[in-house]
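# Understanding the architecture of this molecule
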Amino acid sequence: LRFKGIEIDKDAEIKSAYFVFKAAETSKGAAHFEIEIEDTTHAAAYSRADAPDGRSYLADDVDWNVEAWKKGESYKSADVAHLIEKVIAEGGLDALDALAFRISGSGERVAEAFEARGGDAPELVIEYA
């Protein structure tokens, strides 16, 4: 997941941060994911030559035990605030910056993609002071 156009001062206290996904399919069974953040505030757009697995991520990650999903419903991820704080600590984020995240693990959940119509693409919600 890559998000750009976010502005946050380097001294901001991030109270919480999470993704909101809209389920594209009903998914049952156990799922456990790890969420990582790319170690930069200048994450490039993805391409075949620059795919998510070829990038450098912080050593820290967030565990997310995912509940069952029902198609059409929205679901929040585990809190990723401390990952974002670590990456922006040096200089914050401005509108030209971009953050990128990798989600991996076991099990499966199918969410609407970036290209989804009607505003169903994944969102990054950041609450800060």
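Please refer to the structure higher up on the page.
Residues numbered from 1 in each chain as written. Predicted model: local features only at pLDDT ≥ 70, side-chain atom pairs only at ≥ 80, totals over all residues. Heavy atoms only, no water.

What follows is about the sheet that holds strand S4 (residues 62-65). Strand order in the open sheet made by the four strands is S1-S6-S3-S4, with antiparallel pairing throughout. Two strands in the sheet have a free side with no partner beyond their single neighbour: strand S1 (2-4) and S4. The sheet shows a mean angle of 25° between the axes of neighbouring strands, taken without regard to direction. (Pairing = 2+ DSSP bridges. Helix = DSSP H or I, 4+ residues; strand = E, 2+ residues; numbered from the N terminus. Axes fitted to C-alpha atoms, helices over the stretch in contact; angles between N-to-C directions.)

Centre-to-centre distance and the angle between the planes together describe a pair of aromatic rings. Per the counting criterion, the structure on display carries eight aromatic pairs. Both rings, one in Phe-3 and one in Phe-19, keep their centres 5.9 Å apart while their planes meet at 20°; by these two values the pair is stacked. Taken together, the positions of Phe-3 in strand S1 and Phe-19 in strand S2 (residues 14-22) put the pair 16 residues apart, joining distant regions of the chain. Residue Phe-3 shares its accessibility class with Phe-19, and that shared class is buried. Seen from their ring centres, Phe-19 and Phe-21 are 5.9 Å apart, and the 50° between their planes marks the pair as tilted. Residue classification places Phe-19 among the buried positions, given a relative accessible area of 0%. One aromatic cluster is present, formed by Phe-3, Phe-19, Phe-21, Phe-33, Trp-64, Trp-69, Tyr-75 and Phe-101 through successive ring pairs. Sitting over the ring of Tyr-18, Lys-76 keeps its end group 4.3 Å from the ring centre. In this structure, Arg-102 packs its charged tip against the face of Tyr-57, placed 4.0 Å from the ring centre. (Phe/Tyr/Trp six-rings, centres within 6.5 Å; stacked < 30°, edge-to-face > 60°. Buried < 20%, exposed > 50% of the residue type's maximum accessible area, 1.4 Å probe, protein only. Lys NZ or Arg CZ within 6 Å of the ring centre and 35° of its normal.)

Inspection of the entire model under this criterion finds seven salt bridges. Between Glu-13 and Lys-15 there is a salt bridge, with the nearest N and O atoms lying 3.9 Å from each other. Since its relative accessible area comes to 53%, Lys-15 is described here as exposed. Of the charged contacts, one joins Lys-86 and Asp-60 as a salt bridge, the two residues approaching to 2.8 Å between their closest N and O atoms. Of the two residues, Lys-86 is situated in helix H1 (residues 81-88) and Asp-60 in the loop between strand S3 (32-37) and S4; the sequence distance between them amounts to 26 residues. Linked by salt bridges that have partners in common, Glu-36, Asp-53 and Arg-102 make up one network. (Salt bridge = Lys/Arg side-chain N within 4 Å of Asp/Glu carboxyl O.)

A separate point is the sheet that holds strand S7 (residues 123-128). If you walk across this open sheet you meet the three strands as S5-S2-S7, and the pairing is antiparallel. The sheet is open, and its two edges are formed by strand S5 (74-76) and S7, each paired on a single side. Looking at each pair of strands side by side, their axes are set apart by 25° on average, direction ignored. Where S2 meets S7, six bridges bridge the pair, whose relative direction is antiparallel. Note that in S7 the partner of Tyr-18 across the bridge is Val-125.

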